[in-house]
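Summary of the model geometry
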Amino acid sequence: MMNFAAMKFTLFYTFFFLVSSQLLMGQNPGGPGKIAGTIKDFNTKKNVEYATVSLYKGPNLVTGTITDKMGEFVLENLSPGMYSISVNFIGYGSFRKDSVSLMPPNLQINVGTLFLKPSEKNLNVVQVEGEKDLITLDIDKKVYDVSKNLTNQGGSAADVLSNVPSVNVDIDGNISLRGSEGVIILIDGRPSGLSGSSRKAILDGIPASSIESVEIITNPSAKYDADGMAGIINIKLKKDRKKGLNGSLALSAGTRDKYNAAFTLNYRDKKFNFFTNYSYRYNNNWNDGYTQNAFFRGDSAFFVDQTNQGLRKGGNHLARAGFDFYPNQKNTFSVSGSFGYNYNTNLSTNSYLFMNSDQIGQYLMDRNAGETRNGLNYDLNGNWKHTFVKKGRELTVDLAYSGNDGPENAQYENVMYDTLGSWLNTPRARQNTDRISSFGITTAQADFTEPLRKNMVLEVGLKGTVRHNDNDFRSESFDFSSGEFRNDANITNRFVYHEQVYAGYFTFSHSFKPQWGYKAGLRVEQTFINTDLVTTQEKNSKKYIGFFPSAHIAYKPKAGWELRLGYSRRINRPWINSLNPFTDYSDPVNLMTGNPNLNPEYINSGEFNVSYTTKKHYISGAVYYRYTKDVMSRFRRVDSLEAISYTTHENVGYGQSGGLEIISRNELFKWWNITANINLYYFQLSSSNTFGDLNNNSISGFARVISNWKFLKGTDAQLSLNYWAPQAAPQGVARSMWGIDAGIKRDFWQNRISVNLGVTDIFNTRRFAINSAGEGFTANVYRKRETRVATLTVTFKLGKQEVGNRRNRGGGGGGMDMDEGF
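Just so you know, these numbers come straight off a predicted model, no measurement behind them. (Residues numbered from 1 in each chain as written. Predicted model: local features only at pLDDT ≥ 70, side-chain atom pairs only at ≥ 80, totals over all residues. Heavy atoms only, no water.)

Secondary structure summary: the protein contains three helices and 44 strands in total. In the protein, which comprises 822 residues, the proportion classed as buried is 52%. Once local pairs closer than 6 in sequence are excluded, the contacts in the protein between residues at least 24 apart make up 66%. A total of about 37,000 Å² of accessible surface is found on the protein, and carbon and sulfur atoms cover 57% of it. (Helix = DSSP H or I, 4+ residues; strand = E, 2+ residues; numbered from the N terminus. Buried < 20%, exposed > 50% of the residue type's maximum accessible area, 1.4 Å probe, protein only. Contact = heavy atoms within 4.5 Å. Areas by Shrake-Rupley, 256 points an atom, 1.4 Å probe, with all protein chains shown as cover.)

Here is the structure:
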C-alpha cells in the first residue's frame, strides 16, 4: 500500500497539474472591443461596489469583472458580436441586459447606469437580521453569527460552542448536539484532526475572536460525510473580505493567570486575497471532585471514597495563512495552512479511603500524578473551483491533509497511610509512563454541479478519506530490590489504527412554483478498518459498505412562513480508544479497556421544522426523532473482592430518542433583543439480556436565554442564562446544572478600538454530578472545574472597514463551501 508521504505528494501533484492546466486554457481571447457601465442601487441610487459583472455571448460565458468604488466596470479585449450582461451582488436580485451590440464602428460603448433591486424573496435561505448576530436558515442547516458574543471574548472555540443553540459542552470538553455526543466537528468544512483524541486540545487552541460563525447541520444531505449520530457542527473562521490592507489585534487577560493574544492581517485586490493570523492562549485552571463507591457481595459490603484535586496550566500557539487567486472569471485557486503547538502540565492528587461494611476507615491511599503534554497540529488545504461555459455548471476539487502528534509523559506515586494519617511502612509504588501518538487524515474530493432544466440541479461527487493513528504507550515501575525502574510488560503497548473510507454521492434538487422545493440524494460509503495491537501481534480487520439516503422538502405557504421536512441515514463509527483491547491502568481501582470487535452504530433521523420570520421577530419549532441500531455504550462491572471496577465498550442494543426544539429571536426595542433556545428530549435504551442493567429511559432538556442591550451609542451588554435538566446516563442519571454569564463592550474612535469585559458562571454553579448503579456496586460522582472567570479584552482594528466582494469559492481560508441550498 502507498505510504502517507507518497500519497500526499501524489494528491498535491495532481491538484497543481489540474489547476495549472486550467489557468493556461481559461484566458479570454483578445479583441478590440470594450464595454463600460455603472451599477447603482435602485432604491438609494448609491454606487454598488464589488458587484460581479459577467458577459455572455449566447449561452457562453466570455469574461467578467467587479465594479470599483464608483460602481463602474470595464470589460476589455472583446471581439465584435452580440452580448448579454449579467450583474449579481449579495442582497440584490440578479439583473440581465440582453442585445448589447458591439459591432464596427462602435467597438467601444458605454451601456450607462444599470440598477440592482434589493432581493425580497429567496426560497433557499432565510436571514433573521439583527446586530450581526443573525440566524441564517438553509434547507438542512442553521448558521449562527457568533462574532459579537460578549461573554466569549478571551475564551476558546469550546466556549463559543457552549453558547450556540442546540449545543452543549460538558466539564471535560465533550460536545453534544441536542443531547447526543455523536457529533462531527469541522473547521472550515474540514476535520482538522478533530476526529483524533486531541479534539479538546485543538478547540482550546482556537481563540473565540477568530470565529465568524457556527453552522449546525442536524440532517445533512448526501453530499456530506455520513459520520455522526446527531449531525455536524462546522466552525467557520474569520477571513477579512475588505479591499486593501486590513487587520486587527486583540489582547485579553483573565482572572488567575489567563491570557490571550490574537493578530490578523489581510490584503485583497481584484486578483488576490492573502490572509494570515496568529494567536496565543495561556490558561491556568483548577479542578476537584469526589466519588463515593459502594461494593456488594452477597450480604457483605464495603466502601471506597475517592477525592481528587488538580491544576492544569499551559499554552497554545496557532498560526494560519493562505491566499485566494482569481486568474479569470472561470477559475478560483485557494491554498491555506495552519500550524499549532500546545503544551500543558497537569498536577493532581487522588485520595482513596477504604472502609469496611460499617463504613469505618481501614486505610488511606494517595495517588499523586504529574503529567506533561506537548502537541503539534497542522493542516494543509488546496482547492480549485472551475465554472464552465454553461451557467451554473461547476467543478470543485479539494485536497487536504491534517494531523497532530506529540508526547505525553506522566509520573505517578502511590502512598499508603493509616486512618490517622501516618505513613504505613510499605513501599511507595512509583510509575512512569510515556505516550507517543500521531494522527493523520488525508482527504481528496471532487464535486460536480450540473443544471438540468429550469430550477433543477444535479450534484455528484467522489471522496476518499484515509485516517491513521499510531499510539505507543510505555510504562515502567520502580523496583525497590534493584533500585531502578523496570518495564511493565503487562501495561506497555502500541496500538495502530488505519481506516479508509471511499464514497460517492448524488443529489437532485428542484424548486418549483414560488413556494415549493425539495432535495434528495444517496451516498454510498465503503469502509476498511485495520487495527494492530503491535505488542501482542493481535490484528483485527473489518470492512463494510453503507447506503445513506437523504431527503429534504421545503414549503413557503405565505410570506414569513416556512415548513421543512428532512430525513437522513447516518453512521457512528467507534472512536479509536474504544477499540484498543489493552487495559488502561492509570487509575488502579478503575480499569478501562477497549473492544476491537465493536461495530458502528446506524442511525435513521427525521425532523420537521416550522419557522416564522418578520423584520423584528423569528421563531422556529422543530420535532425530531432518531432510531439507533447497535448502540455503543460503556459497560462497567465490579470485582467485589478486589474493589476494582472494569469498564469496556459494547454494542448493547438499540436506542430511540426524540424531542422538541424551539429557537426564537425577538427585537423588543431597537436597544434590546432576546434569543432563546429550549430543547426537550427523551431517550430510551433497550439492551440485550447480557447488558440488562443498561436499560434506561428518561426525559430531559436544556434551555438557554441570551439578552442583548444597547445602552448608549457604542455600548453593548449581554446576559446569558443556561440550564441543563437531569439526564439519563449509562447505568445512572446525571443531575441538573445551571449557570449565568455576562459581558459588556464599549467601542471607541469610530469603532477602531473595543473594550470588552466578560464574566462566565457568575455564581459558580456549573458542576457535573451523576448517580450510577449496577450489579454489585453504586457510585455517586461529583466533579467541578474552574468556570467562574472574568476576562478583559481590548481589540484594535486596522485598515479600511468597507466590505469587499464576497465571491463564492470552495476553499482557502473560508474552507469548503458548506452551503446547501436547493
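Next comes the rest of the description.
To continue, consider the packing of aromatic side chains. Ring pairs (aromatic) are described by centroid distance and by the angle formed between their planes. Inspection of the entire model under this criterion finds 24 aromatic pairs. For the pair tryptophan 672 and tryptophan 709, a centre-to-centre distance of 6.2 Å together with 25 degrees between the ring planes defines the contact as stacked. You can see tryptophan 672 sitting in strand β35 (residues 672-687) and its partner tryptophan 709 sitting in strand β36 (residues 696-710), a full 37 residues away along the chain. A residue is classified by how much of its surface remains accessible, and tryptophan 672, at 23% relative accessible area, is partly exposed. (Phe/Tyr/Trp six-rings, centres within 6.5 Å; stacked < 30°, edge-to-face > 60°.)

Reading across the sheet, the three strands line up as β4-β1-β7 and stay open at both edges, with mixed pairing between neighbours. At either end of the open sheet lies a strand with only one pairing partner, and these are β4 (72-78) and β7 (108-116). For this sheet the average axis-to-axis angle between neighbouring strands, irrespective of direction, equals 20 degrees. (Pairing = 2+ DSSP bridges. Axes fitted to C-alpha atoms, helices over the stretch in contact; angles between N-to-C directions.)

Looking now at the sheet that holds strand β2 (residues 52-57). Within the open sheet, the four strands sit side by side as β3-β2-β5-β6. Their pairing is antiparallel. Sheet topology places β3 (60-66) and β6 (95-102) at the edges, where each strand pairs with a single neighbour. Within the sheet, the average angular offset between the axes of one strand and its neighbour, ignoring direction, is 25 degrees.

The next point concerns the pairing of strand β27 (residues 516-533). When strand β26 (residues 493-512) meets β27, the two strands line up antiparallel, connected through 18 bridges. Directly across from phenylalanine 506, in β27, lies its bridge partner leucine 522. Counted between consecutive antiparallel strands, the loop separating β26 from β27 contains three residues, among which lysine 513 sits at a positive phi close to 55 degrees. Inspection of the sheet shows β27 paired to strand β28 (residues 538-555) by 18 bridges, in the antiparallel sense. Across the sheet, threonine 527 pairs through a bridge with tyrosine 544, a residue of β28. Between β27 and β28, which follow one another and run antiparallel, lie four residues, and glutamine 537 among them has a positive phi close to 60 degrees.

Let us look at the pattern of salt bridges. Under the counting rule described, the total for this entry stands at 30 salt bridges. Between glutamate 215 and lysine 236 there is a salt bridge; the shortest N-O distance is 3.9 Å. Placement of glutamate 215 in strand β14 (residues 211-217) and of lysine 236 in strand β15 (residues 231-237) is noted, with a sequence separation of 21 residues between them. In this pair, the class of glutamate 215 matches that of lysine 236, namely buried. (Salt bridge = Lys/Arg side-chain N within 4 Å of Asp/Glu carboxyl O.)

Turning to the side chain of aspartate 472, a few remarks are in order. Following the sequence through the fold, aspartate 472 ends up in strand β24 (residues 456-479). Look at aspartate 472 and you get buried, because its relative accessible area is 16%. A polar contact is formed between the side chain of aspartate 472 and the side chain of arginine 474, at a distance of 2.9 Å. Excluding residues that lie within four positions of it along the chain, aspartate 472 makes contacts with Asp434, Arg435, Ile436, Asn493 and Arg494. (Polar contact = N/O pair within 3.5 Å; in protein donor to acceptor, adjacent residues only side chain to side chain.)

As for its placement among the helices and strands, tyrosine 555 is situated in strand β28. Along the chain, tyrosine 555 and tryptophan 516 lie 39 residues apart, while their C-alpha atoms are 4.7 Å from each other. If we ignore the near neighbours within four places in the chain, the residues touching tyrosine 555 are Gln515, Trp516, Trp561, Glu562 and Leu563.

So, on to the side chain of aspartate 366. By the secondary structure assignment, aspartate 366 is in strand β21 (residues 361-387). Side-chain polar atoms of aspartate 366 contact the side chain of serine 351, separated by 2.7 Å. Excluding residues that lie within four positions of it along the chain, aspartate 366 makes contacts with Asn350, Ser351, Glu413, Asn414, Val415 and Tyr417.

Okay, unusual backbone geometry next. The omega torsion across proline 104 and proline 105 is 5 degrees, close enough to zero to call that bond cis. Mapped onto the fold, proline 105 is located in the loop between β6 and β7. In this structure, serine 99 takes a positive phi of about 55 degrees despite not being glycine. Counting through the fold element by element, serine 99 comes out in strand β6. Phi is positive for serine 166, which is not a glycine, with a value near 80 degrees. When you line up the elements, serine 166 lands in the loop between α2 (157-161) and β11 (167-169). Overall, serine 166 belongs to the buried group, its relative accessible area being 3%.

Note that asparagine 168 resides in strand β11. According to the relative accessible area criterion, asparagine 168 is buried, its value standing at 8%. In the structure, asparagine 168 is positioned 534 residues away from phenylalanine 702 in sequence and 8.8 Å away in space, judged by C-alpha atoms. Residue contacts for asparagine 168: discarding those within four places in its chain leaves Asn174, Ile175, Ser176, Phe702, Arg704 and Trp724.

Moving on, we come to the pairing of strand β23 (residues 429-451). Pairing of strand β22 (residues 394-417) with β23 involves 21 bridges; the strand directions are antiparallel. Residue serine 402 lies in a different strand from β23, and its bridge partner there is isoleucine 441. Bridge count between β23 and β24: 21 bridges; the pairing is antiparallel. Along β24, the bridge assignment pairs arginine 435 with phenylalanine 473. What sits between β23 and β24 in their antiparallel hairpin is a turn of four residues, with asparagine 455 showing a positive phi close to 65 degrees.

Moving on, we come to the nonpolar core. Counting 27 residues, the largest nonpolar core has Ile175, Ile211, Val214 and Ile233 as its most contacted members. If you list the elements that add at least two residues to this core, you get α2, β11, β12 (175-177), β13 (183-187), β14 and β15. When residues no more than four places from it in sequence are discounted, the contact partners of valine 214 are Lys142, Val143, Tyr144, Val146, Val160, Leu161, Val164, Ile233 and Asn234. One finds Ile35, Val48, Ile85 and Val87 within the second-largest nonpolar core, a separate group that totals 19 residues. (Core = buried A, V, L, I, M, F, W, Y, C linked by side-chain atoms within 4.5 Å.)

This paragraph deals with the confidence of the model for the protein. For any part of a model where pLDDT is low, the fine detail of the predicted coordinates should not be relied upon. When pLDDT is averaged across the protein, the result is 83; 86% of the residues are at 70 or more. Taken element by element, the protein is modelled with least confidence in helix α1 (residues 4-25), mean pLDDT 39, and with most confidence in β27, mean pLDDT 94. Contacts of residues 120-133 to residues separated by more than four positions or lying in other chains number 46 contacts, the stretch itself having pLDDT below 50. Long-range and interchain partners of residues 801-822, a stretch whose pLDDT sits below 50, account for 100 contacts in this model, where long-range means more than four residues apart. (pLDDT = per-residue confidence, 0-100.)

Tracing the backbone shows arginine 320 in strand β19 (residues 300-328). Among the polar contacts made by the side chain of arginine 320, one reaches the side chain of aspartate 188 at a distance of 3.5 Å.

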